[in-house]
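# Report on the structure
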Amino acid sequence: MEMSCACKGIRTCPVCEAAGKQPKLFVKDTEVRTFDYCDRCMKAWERGSSVHPNHMGPGLAFPGIFIQPNFVSKAEEAAFVDKIDKTAFVESQSGRRKQDFGPKVNFKKRKVRSACFSGLPDFSKPIYERMKKLEVLSDFIPVEQCHLEYTPERGSSIDPHFDDFWLWGERLVTVNLLSDTILYFICDEHPGIEVHVPMARRSLIVVYGEARTKWKHAIHRSDISDRRLAITLRELSSEFSDGGARSEEGQALLDIALTFRGYAVQ
Ligand SMILES: O=C(O)CCC(=O)C(=O)O
Ligand SMILES: [Fe+2]
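In this text the structure is predicted, and so the values were computed from the model without any measurement.

It is worth spelling out the sheet that holds strand S15 (residues 216-219) at this point. Strand-to-strand pairing in sheets goes through backbone hydrogen bonds, with the strands running parallel or antiparallel. Strand order in this open sheet of seven strands is S3-S2-S1-S13-S12-S15-S10, and the pairing throughout is mixed. The sheet terminates laterally at strand S3 (60-61) and strand S10 (158-161), the two strands that pair on one side only. Alignment of strand S12 (residues 181-186) against S15, held across three bridges, turns out to be antiparallel. Looking at the pairing, Phe 185 lines up with His 217 of S15.

Parts of the prediction with low pLDDT should not have their coordinates interpreted in detail. Of all residues in the protein chain, 97% attain a pLDDT of 70 or more, and the chain-wide mean is 95. For this predicted complex, the interface score ipTM comes out at 0.99, alongside a pTM of 0.94.

Here the domain parsing of the protein chain yields domain 1 (32-62) and domain 2 (64-257). Computed from C-alpha atoms alone, the centre-to-centre distance between domain 1 and domain 2 is 25 Å. Taken together, the contact between domain 1 and domain 2 spans 10 residues of the former and nine residues of the latter. Among the elements that take part in the side of domain 1 that touches domain 2, strand S1 (residues 33-38) stands out by supplying five residues, more than any other. Class assignment for the residues of the side of domain 1 that touches domain 2 results in six nonpolar, one polar and three charged.

Reading guide: rules and limits
- Residues numbered from 1 in each chain as written.
- Chains lettered and ligands numbered in written order.
- Predicted model: local features only at pLDDT ≥ 70, side-chain atom pairs only at ≥ 80, totals over all residues.
- Pairing = 2+ DSSP bridges.
- Helix = DSSP H or I, 4+ residues; strand = E, 2+ residues; numbered from the N terminus.
- pLDDT = per-residue confidence, 0-100.
- Domains from an automatic or database assignment.
- Contact = placed C-beta atoms within 7 Å.
- Nonpolar A, V, L, I, M, F, W, Y, C, P; charged D, E, K, R; others polar.

Structural data, given as structure tokens:
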């Protein structure tokens, strides 16, 4: 079977690299120093001293990460994956594949179209109900759900990026299925430093605050050891929420999202 890919611009994966596209080289003036995030201290510690409580050095304050281990059971994970696999994936950049349940968005023109949006999928209703019991998510209302598939065969990864700030709100919620990986963070204020946050299989992670607004997040190709499925849920920004200039549009999107009768948009 001929393999194709969807990489644009500077993005690459093994498929387009085999066809001759050069991967972007990151020019490093210093070696990368890895700091491992410790969920007990909400700080990151330089590699080699990350086992709690035996940390050394000053550590790096890293606010804006919430982790709930074992958020879904093994049986639920199997059922979710079964459901997800019944829907076709669309090829995405950097060797990923995706499914999207949300409005069509043109971020450059700041346009949102709800015509093809039929809501979040039925199986996320219990996920949403459970999420609301966590204090950090007690008032979280999901407006879109995205499934990303990563595999070592496709060399899947995601380059450092900020999620959009104009449409999406502060909290990014991801349920991590099928294998462990590491979400890493970089920030211009801390050149040469990568903060590594573990994403264990079946855990839920919330990225908010400075981890969302100051630091870009990414996943290295080398941190995908097995097939991984990420279910990411996003909320609306204040502009699209109560009191915001586009709150009516926002409410209309939520009314669709929360029917939980959706099919993936192509
Ligand atoms: O795969 C993940 O957990 C991260 C995905 C991500 O950053 C995104 O979809 O914006
Ligand atoms: Fe992201």
